[in-house]
Amino acid sequence: MLPSIIGESLFDDWFDFPFRGFESDVDHKLYGKHAARVMRTDLKEHDEGYELKVDLPGFKKDQIDLQLQNGYLTITASKGLEEEGKDKKGKIVHQERYSGSMTRSFYIGENVNEEDVKAKFEDGVLTLDFPKEKPVALPEHKTIQIEG
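Attention here is on the structure that accompanies the text.

1. Digging into the sheet that holds strand E9 (residues 125–131)
Next, step 1: Judged by pairing direction, the sheet is antiparallel, and its four strands sit side by side in the order E3-E4-E9-E8 without closing on themselves. Both outer strands of the open sheet, strand E3 (41–45) and strand E8 (118–122), are each paired with one neighbouring strand and no more. If you compare each strand with its neighbour and ignore which way they point, the axes differ by 15 degrees on average.

So, in structure tokens, the structure goes:
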């Protein structure tokens, strides 16, 4: 059992050290030292395409936006906190839930269209299915005749 302070391991920063800097799309001010752990993804390859699963716990379907531009699929999730118990008297002693947005982008190929991407959101997991990029047929190699 590892010692902890307010539910966080004392060793979190030490184990994360070599991986700092790779989570540039995530706002550290919003998610604190756990920013590298948001929007975790799994990518599975099938014969005909790929399946991408993205963890988005606490989000609703209407808080997620998907855009496909120049071969890049961009996932944006944003939410605000509802003013729960606004009428009730009292003050917040400790708050860990925040409002804000996060974004991740994935290159899926310039020949993949919006119609090719199938999205499903269930139990806090966004599942995207898309085909493998089809190779572009190169023009047939033809010999050019030289006059003279």
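2. So, unusual backbone geometry
Next, step 1: Within the chain, asparagine 70 stands out as a residue other than glycine whose phi angle is a positive 55 degrees.
Next, step 2: Along the chain, the position of asparagine 70 falls in the loop between strand E5 (64–69) and strand E6 (72–79).
Next, step 3: Phi is positive for aspartate 123, which is not a glycine, with a value near 55 degrees.
Next, step 4: Here aspartate 123 is to be found in the loop between E8 and E9.
Next, step 5: For aspartate 123, a relative accessible area of 77% gives the class exposed.

3. Some thoughts on the sheet that holds E5
Next, step 1: Taken together, three strands build an open sheet; the order of strands is E5-E6-E7 and the sheet is antiparallel. With one partner strand each, in any of the chains shown, E5 and strand E7 (100–107) form the two edges of the open sheet. The average angle at which neighbouring strand axes cross in this sheet is 15 degrees, direction not considered.
Next, step 2: Alignment of E5 against E6, held across six bridges, turns out to be antiparallel. Counterpart to isoleucine 64 in the pairing with E6 is alanine 77.

4. Points about the packing of aromatic side chains
Next, step 1: Applying the stated criterion across every chain yields a total of two aromatic pairs.
Next, step 2: Taken together, a centroid distance of 5.7 Å and an interplanar angle of 35 degrees make the contact between tyrosine 50 and phenylalanine 130 tilted. Within this pair, whereas tyrosine 50 is found in strand E4 (residues 49–55), its partner phenylalanine 130 is found in strand E9, the two being separated by 80 residues in sequence.
Next, step 3: Take phenylalanine 130: its relative accessible area is 7%, and that puts it in the buried class.
Next, step 4: Centroid distance tyrosine 72 to tyrosine 107: 5.0 Å. Interplanar angle 65 degrees. Geometry classified as edge-to-face. Remark: tyrosine 107 occurs in strand E7 and tyrosine 72 occurs in strand E6; sequence separation between them is 35 residues.

5. Concerning the nonpolar core
Next, step 1: Residues Leu56, Ile75 and Ile108 are the most contacted members of the largest nonpolar core, which totals 19 residues.
Next, step 2: Only E4, E5, E6, E7 and E9 provide two or more residues apiece to this core.
Next, step 3: Apart from the residues within four sequence positions on either side, isoleucine 108 is in contact with Leu68, Gly71, Leu73, Val117, Phe130 and Glu133.

6. A look at the pattern of salt bridges
Next, step 1: Tallied over the entire structure, the rule returns two salt bridges.
Next, step 2: Glutamate 51 is the salt-bridge partner of lysine 44, the closest N and O atoms lying 3.9 Å from each other.
Next, step 3: In this structure, the salt-bridge partner of lysine 132 is glutamate 45, at a minimum N-O distance of 2.8 Å. Pair noted here: lysine 132 is in the segment after E9 and glutamate 45 is in strand E3, with a separation of 87 residues, a long-range link.

Rules behind the numbers
- Residues numbered from 1 in each chain as written.
- Predicted model: local features only at pLDDT ≥ 70, side-chain atom pairs only at ≥ 80, totals over all residues.
- Heavy atoms only, no water.
- Pairing = 2+ DSSP bridges.
- Helix = DSSP H or I, 4+ residues; strand = E, 2+ residues; numbered from the N terminus.
- Axes fitted to C-alpha atoms, helices over the stretch in contact; angles between N-to-C directions.
- Buried < 20%, exposed > 50% of the residue type's maximum accessible area, 1.4 Å probe, protein only.
- Phe/Tyr/Trp six-rings, centres within 6.5 Å; stacked < 30°, edge-to-face > 60°.
- Core = buried A, V, L, I, M, F, W, Y, C linked by side-chain atoms within 4.5 Å.
- Contact = heavy atoms within 4.5 Å.
- Salt bridge = Lys/Arg side-chain N within 4 Å of Asp/Glu carboxyl O.

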